Amino acid sequence: MTHSRILLIIGGGIAAYKSLELIRDLARRGVACRCVVTAGGREFVTPLSVAALSGDKVYTELFDLTDETEMGHIELSRSADLIVVCPATADLMARAAAGLAGDLASTALLATDKPVLMVPAMNVRMWRHPATQRNLATLRGDGVRVLDPDTGAMACGEFGPGRLPELTRIADEIEAMLAHSEGAGPRGVPEAMAGRHVLITAGPTREPLDPVRFLSNHSSGRQGYALAAALADAGARVTLVSGPVSQTVPAGVDLVPVETARDMLAACEAALPADVFISVAAVADWRPSQPAPRKLKLKGGQAAATPTLDLSENPDILATLAGLRAHRPDLVIGFAAETHNVEALAIEKRQRKKCDWMVANDVSGDVMGGQDNQVSLITDAGVETWSRMSKTDVAARLAGRIADHFTRGRSGNLAAE
Ligand code: CTP
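Residues numbered from 1 in each chain as written. Predicted model: local features only at pLDDT ≥ 70, side-chain atom pairs only at ≥ 80, totals over all residues. Heavy atoms only, no water.

A. Expanded view of the nonpolar core. If you look at the biggest cluster of nonpolar residues, it comprises 36 residues, and the most contacted ones within it are Met-193, Ile-200, Leu-231, Ile-278 and Ile-402. Contact partners of Ile-200, with chain neighbours within four places excluded, come to Gly-224, Leu-227, Ala-228, Leu-231, Val-238, Thr-239, Leu-240, Val-241, Ile-278 and Val-280. Counting 30 residues, the second-largest nonpolar core is a separate cluster that includes Ala-15, Leu-117, Ala-121 and Leu-147. (Core = buried A, V, L, I, M, F, W, Y, C linked by side-chain atoms within 4.5 Å. Buried < 20%, exposed > 50% of the residue type's maximum accessible area, 1.4 Å probe, protein only. Contact = heavy atoms within 4.5 Å.)

Listed below in structure tokens is the structure:
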């Protein structure tokens with residue numbers, strides 16, 4: 001990647017000093033930074049050091065006659081390929097979520113027509129505060145990409161999420177977003193899925209019994225995350241609705257974290273329209289009908305009465321999206337997890353759930369939670385049995401088939417029959 005330019009907004013937080021290293025790292029990758037330093041940011045880094053590292057003028061004021069004659073603030077926000085806010089403070093996020101334009105940074109964010117990446121870093125309590133989480137949801141809903149902060153010891157002595165992510169992760173993300181906006185894949189390959197929106201579910205769901213206990217399963221999310229990465233590499237805009245897992249979110253993928261099956265369905269419906277829906281999640285079929293509002297207790301060391309589980313059926317997310325009249329994704333793909341009679345049951349499941357393709361998944365061995373997968377792809381053209389391979393290879397091969405479907409118009413689509 002060469003000759004890309006980002007507008008880097010440096011907010012006021014202790015992590016601001018790391019933005020200096022980020023500028024150097026990006027320069028090594030061929031990405032130039034034009035910088036805005038907020039009033040808070042100037043308490044932590046000086047415009048002089050930012051200018052020295054970026055080799056460019058540094059902008060600080062909204063109403064500055066010299067700046068306006070050289071480059072108006074609207075032009076400033078549009079002259080870059082991408083706007084990056086790093087560190088994004090709680091205050092900057094709040095102002096951007098509210099659409100305020102009281103200073104140069106917030107005005108640039110409001111006036112831009114370019115993609116925006118925010119990299120939050122703040123005290124753990126500020127991060128967890130409902131107001132910040134509300135603003136985060138608003139920003140993501142507005143199409144802003146927000147990186148989740150790292151968890152660890154903080155400069156203020158507390159521990160938790162709020163640390164600035166590793167600089168390599170930020171720089172990788174910036175490169176991926178720049179590559180996407182330039183119409184080439186992260187590795188510069190032509191993008192078969194450019195302009196397509198792919199919605200993927202992954203991981204397990206958690207169905208609460210009480211505030212501390214839940215029903216769930218062993219799904220690691222590995223297959224769904226690998227697919228998200230492969231399709232983002234192919235140029236698709238990818239929304240990944242995921243239950244709780246410990247996978248790294250692939251660069252360029254929009255993560256929507258959820259817990260229950262019902263949350264997962266709502267998040268999927270909110271993410272539509274999509275060209276492709278891939279249902280990889282191991283959705284819990286049932287949920288406790290009445291989760292206890294308080295922790296269920298053993299009384300005096302003995303259970304008052306052993307609780308019995310009263311379960312209700314969860315919505316079927318795959319069948320719901322496959323059955324939509326309006327906004328049914330063009331290609332709907334399910335994963336059928338079976339321990340025996342794999343292909344026969346998957347063929348039946350494909351018909352029942354009205355999905356176009358079904359990936360039959362043999363989970364009798366160490367597949368669930370493991371590195372490898374053994375799948376067959378079922379389309380209206382028949383059954384293809386793939387040899388055992390890594391989940392990353394399954395993802396790459398399936399992504400290739402999906403791209404073929406769009407570029408060559410290859411069918412296999414029940415809805416089209
Ligand atoms: N699925 C879903 N919502 C559910 C259950 C399953 O979206 N409530 C999706 C899964 O993501 C997968 C497909 O349906 O793509 C098949 O899931 P699987 O667990 O194999 O099938 P079930 O419908 O749960 O049927 P069974 O448990 O009887 O095998």
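From this point on, the discussion continues.
B. Looking closely at the pattern of salt bridges. Enumeration according to the criterion identifies 24 salt bridges in this entry. One salt bridge in this structure joins Arg-213 and Asp-210, with 2.5 Å as the shortest N-O distance. For Arg-213, a relative accessible area of 35% puts it in the partly exposed group. Exposure remark for Asp-210: the relative accessible area of 3% places this residue in the buried category. Where Glu-384 meets Arg-401, a salt bridge forms, and the shortest distance between an N and an O atom there is 2.9 Å. Of this pair, Glu-384 sits in strand β23 (residues 382-385) while Arg-401 sits in helix α14 (residues 391-407), and the two are 17 residues apart along the sequence. Through salt bridges with shared partners, a single ionic network connects Asp-25, Arg-29, Asp-172 and Glu-175. (Salt bridge = Lys/Arg side-chain N within 4 Å of Asp/Glu carboxyl O. Helix = DSSP H or I, 4+ residues; strand = E, 2+ residues; numbered from the N terminus.)

C. Structural detail: the domain arrangement of the chain. Each domain of the chain was delimited in the assignment, giving domain 1 (4-180) and domain 2 (197-408). Using C-alpha coordinates to define each centre, domain 1 is positioned 34 Å away from domain 2. Tallying the contact residues gives six residues for domain 1 and ten residues for domain 2. Together domain 1 and domain 2 conceal approximately 580 Å² of surface at their shared face, both sides included; 46% is due to carbon and sulfur atoms. Linking domain 1 with domain 2 are one salt bridge. The interface formed by domain 1 and domain 2 holds three residue pairs in polar contact (both at pLDDT 80 or more) in total. Considering every element that reaches the side of domain 1 that touches domain 2, the biggest residue donor is helix α9 (residues 167-181), with four residues. (Domains from an automatic or database assignment. Buried area = accessible area lost by both parts, 1.4 Å probe. Polar contact = N/O pair within 3.5 Å; in protein donor to acceptor, adjacent residues only side chain to side chain.)

D. Structural view of the site of the ligand. For the ligand, the set of nearby residues contains 14 residues, the closest of which are Ser-279, Ala-281, Asp-285, Lys-349 and Lys-353. Residue Ala-281 places a main-chain N or O atom 2.7 Å away from an oxygen atom belonging to the ligand. A distance of 2.9 Å is found between a nitrogen atom of the ligand and a backbone nitrogen or oxygen belonging to Pro-315. For the ligand, whose accessible area on its own is 570 Å², the fraction buried by protein is 79%. Of all the secondary structure elements, the ones that give two or more residues to the shell around the ligand are α12 (317-322), β19 (331-338) and α13 (342-353). For the shell around the ligand, the element with the most residues is β19, which contributes four residues. The residue makeup of the shell around the ligand, split by class, is eight nonpolar, two polar and four charged. (Near = heavy atom within 4 Å. Areas by Shrake-Rupley, 256 points an atom, 1.4 Å probe, with all protein chains shown as cover. Nonpolar A, V, L, I, M, F, W, Y, C, P; charged D, E, K, R; others polar.)

E. Spotlight on the side chain of Ser-220. Within the secondary structure layout, Ser-220 lies in the loop between β11 (213-215) and α10 (222-233). Reaching out from Ser-220, the side chain makes a polar contact with the backbone nitrogen of Arg-222 at a distance of 3.1 Å.

F. The environment of Ser-279, seen in detail. Mapped onto the elements, Ser-279 comes out in strand β14 (residues 276-279). Ser-279 sits in the buried class, given a relative accessible area of 7%. Spatially, the C-alpha atom of Ser-279 lies 9.8 Å from that of Ala-319, the residues being 40 residues apart in sequence. If we skip the residues at most four places from it in the chain, Ser-279 touches Thr-201, Leu-318, Ile-333, Gly-334 and Phe-335.

G. Molecular detail of the packing of α10 against α14. For the pair α10 and α14, the least separation of the axes is 8 Å and the interaxial angle reads 45 degrees. Taken together, α10 and α14 sit at an angle that is classed as oblique. In the packing of α10 onto α14, the handedness of the crossing is right-handed. Side by side, α10 and α14 meet where Arg-222, Gln-223, Ala-226, Leu-227, Ala-230 and Leu-231 of the first sit next to Lys-391, Thr-392, Val-394, Ala-395, Ala-396, Leu-398, Ala-399 and Ile-402 of the second. Looking at side-chain class alone, the contact of α10 with α14 contains ten nonpolar, two polar and two charged residues. (Axes fitted to C-alpha atoms, helices over the stretch in contact; angles between N-to-C directions. Parallel < 35°, antiparallel > 145°, perpendicular 65-115°, else oblique. Left-handed = near helix turned anticlockwise from the far one by under 90°.)

H. Up close: the sheet that holds strand β1 (residues 4-10). Here six strands make up an open sheet; going across it, the order is β3-β2-β1-β4-β5-β6 and the pairing parallel. At either end of the open sheet lies a strand with only one pairing partner, and these are β3 (58-59) and β6 (145-146). Two strands pair when backbone bridges link them, and β1 and strand β4 (residues 82-88) are joined in this way by four bridges, in the parallel orientation. Opposite Leu-8, over in β4, you have Val-84 as the bridge partner. (Pairing = 2+ DSSP bridges.)

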